[in-house]
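Chain and residue survey
If you want the building blocks of each chain, they are given just below.
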Amino acid sequence: MALRGTISDRDAKKKALDLFAEQIEKVKECIDDLEDAFEEFYKNEDCGEACDELIETEAEADRVKEHLLELLFRGTFLPLTAEDRLNLVIMNDNVADAAEKTARVLKAYFPALRRIDKDMKYQIWQLSRKMTELAEHLANSLELLADDFEGAFKEAKMVETMRRDIRHKSFDLIEQLFKEEKNDISIALLTKEIILNLVNVANVAEDASDFVTAIVIKYSY
């Protein structure tokens, strides 16, 4: 079983579905850019360029979202699925927004964060890599809604599992931060904020995957 909205205009529906697929890819690209920024951060190199790339990608994702909303509000899909699709578009966009905020904070704090322990930088980078994997599962769940409810459900559950792992790892890192007496408290607090911003990206992604699960349940019975 799959989610198929009744069509008011076939060309408009195809354009909307193509734009939705483009939005999914743009959000994934944002998370990829975020990992690149944290890799530069780990290498103690200027991460500004990678952060700027993410900001630009997020702006492109916003433009795709605006075109999608225009089509949805024109009635491309009947009301039965229009609200669900609107929520999916907005929730997916929220992931890109959260990633952009994280990149902006990282870019702003980077000069001070150069003093963080190399191992801590590495672990934060690895946390961002987990986010890339989580984003892949979210994208899969959104794509599979078109023709594979079971597959979409499984991918959404993977997002939930990975979000839990990321959250657990992040609080381990925060605890480690404040156990190290050599760490300057102001730098530790900035680092904590960076970590919590990463966790927020995962939380927002889980919100989107939870809605995928809700759609599967709604239309399966």
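Description of the structure in this document. (Residues numbered from 1 in each chain as written. Predicted model: local features only at pLDDT ≥ 70, side-chain atom pairs only at ≥ 80, totals over all residues. Heavy atoms only, no water.)

With that settled, consider the overall build of the protein chain. The helix and strand tally for the protein chain stands at 6 helices and 0 strands. Seen in sequence order, the protein chain has helices and strands lined up from the N terminus as α-α-α-α-α-α. At 19 Å, the protein chain has a C-alpha radius of gyration in line with the 17 Å of a compact globule built from 221 residues. Put simply, the protein chain has 221 residues, and 50% of those count as buried. Across the protein chain, contacts joining residues at least 24 apart in sequence account for 84% of those joining residues at least 6 apart. Side-chain charges of the protein chain comprise 31 positive and 48 negative groups, with the mean position of each set lying 2 Å from the other. (Helix = DSSP H or I, 4+ residues; strand = E, 2+ residues; numbered from the N terminus. Rg over C-alpha atoms; globule rule 2.2 N^0.38 Å. Buried < 20%, exposed > 50% of the residue type's maximum accessible area, 1.4 Å probe, protein only. Contact = heavy atoms within 4.5 Å. Lys, Arg positive; Asp, Glu negative; His and termini not counted. Charge placed at Lys NZ, Arg CZ, Asp CG, Glu CD.)

Judged by nonpolar contacts, the single largest core of 69 residues is most densely connected at F38 and L106. Element by element, the count of residues in this core is highest for helix α6 (residues 185–220), at 15 residues. For L106, the contacting residues outside a window of four places in its chain are A37, F38, F41, C47, C51, L113 and I194. (Core = buried A, V, L, I, M, F, W, Y, C linked by side-chain atoms within 4.5 Å.)

Trans is the prevailing form of peptide bonds, just as negative phi is the prevailing case for residues other than glycine. A positive phi angle is found at N44, which is not glycine, with a value near 65 degrees. By the secondary structure assignment, N44 is in the loop between α1 (10–42) and α2 (48–73).

The next subject is the environment of E60. Looking at the secondary structure, you find E60 in helix α2. Owing to a relative accessible area of 23%, E60 belongs among the partly exposed residues under this scheme.

Time to look at the pattern of salt bridges. This model, assessed by the stated rule, comprises 18 salt bridges. A salt bridge links E35 to R129; its shortest N-O distance comes to 3.5 Å. Here E35, found in helix α1, pairs with R129, found in helix α4 (residues 118–144); they are 94 residues apart in sequence, far enough to count as distant. Judged by relative accessible area, R129 falls into the partly exposed class, the value being 38%. Salt-bridge contacts for E160 lead to K157; the nearest nitrogen and oxygen are separated by 2.8 Å. With E160 and K157 both in helix α5 (residues 149–179) and 3 residues apart, the pair spans about one turn of that helix. When salt bridges with common partners are traced through the structure, they connect E25, K28 and E136 into a single cluster. (Salt bridge = Lys/Arg side-chain N within 4 Å of Asp/Glu carboxyl O.)

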